Amino acid sequence: MTLPTPTLHTARLRLRPFADADAGPLFALHSSAHVLRYWDSPPWTEPARAERFIMVCREMADAGTGARVAVERAGDGAFVGWCGLIGWNPDYRSASLGYVLGDAMWGQGYATEAAHALLRWAFETSDLNRVQAETDTRNVASARVLEKLGFVREGTLREDCVVNGEVSDSWVFGLLRREWRPSAVPTAAGEERRQVR
């Protein structure tokens, strides 16, 4: 079963399948220790990682196990980051949300806007029932993004990540179809930073 990667439009953003030309900005994003401060793996050091990431995005779509989209500003085409639903399980009707935005894009509501568009697409075009997300407990801004989207904090995974010798905890969030609110999403400045892993 394939899961065609969508092209979606919001008031300020365009979400689209990754292109080969995205490898440069994608590597810049994932090689930044500042951007990946709360990520569950270290920053990339090899540009080839970006090409592999794009290839895996295409493989996930072909296998029907996920959809990751590049996010760009509608006005000027600037690369904002990416957003995705992975681990799509048709038996459990579940998937996991993740996103990473460049630090120049933080605090402008882009993470909420992009994730809302992707969730709306998923809930409207599939029988998806549950979406899960995890974020480092120190990443309070990303937790706020998830709460704005309707996610409920369900628990804490204690010391579940070790990156470069640093141990951290994660919050687990869940969003159920019956709790999903497809109405317009707020995009107030200052509402998000960094990423959900």
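Each chain has its residues counted from 1, following the order in which its sequence is written. Local features in this predicted model are restricted to residues whose pLDDT is 70 or higher, and side-chain atom pairs enter the listing and the counts only when it is 80 or higher, whereas totals over whole chains, interfaces and linings include all residues. By convention in this description, side-chain values take in all heavy atoms of the structure and omit both hydrogens and water.

1. Notes on the nonpolar core
- In this structure, Leu-26 and Phe-151 are the most contacted members of the largest nonpolar core, which totals 56 residues.
- Secondary structure counts use DSSP, requiring at least four H or I residues in a row for a helix and at least two E residues in a row for a strand, with both numbered from the N terminus. Tallying contributions element by element places helix 3 (residues 110-125) first for this core, with 10 residues.
- Here Leu-26 is in contact with Phe-18, Trp-44, Ala-50, Phe-53, Ile-54, Phe-79 and Trp-82, once residues within four sequence places are set aside. Put simply, a nonpolar core is a bunch of buried Ala, Val, Leu, Ile, Met, Phe, Trp, Tyr and Cys residues held in one set by side-chain atoms that sit within 4.5 Å of each other. For every residue, the accessible area (1.4 Å probe, protein chains only) is compared with the maximum for its type, and the residue is labelled buried under 20%, exposed over 50%, or partly exposed between those bounds. The criterion used for residue contact is that any of the two residues' heavy atoms lie within 4.5 Å.

2. Remarks on the pattern of salt bridges
- Criterion for a salt bridge: a side-chain nitrogen of Lys or Arg within 4 Å of a carboxyl oxygen of Asp or Glu. Counted under the stated rule, the structure contains 13 salt bridges.
- Among the salt bridges present, the one from Arg-73 reaches Asp-76, with a minimum N-O distance of 2.6 Å.
- For Glu-147, the salt bridge goes to Arg-153, with nearest N and O atoms at 3.9 Å.
- Overall, the relative accessible area of 38% leaves Glu-147 in the partly exposed class.
- Overall, the relative accessible area of 41% leaves Arg-153 in the partly exposed class.

3. Things to note about helix 4 (residues 140-148)
- Ala-141, Ser-142, Ala-143, Val-145 and Leu-146 are the residues of helix 4 that are buried.
- Note on helix 4: the residue one or two positions beyond its end, Gly-150, has a positive phi of about 105°.

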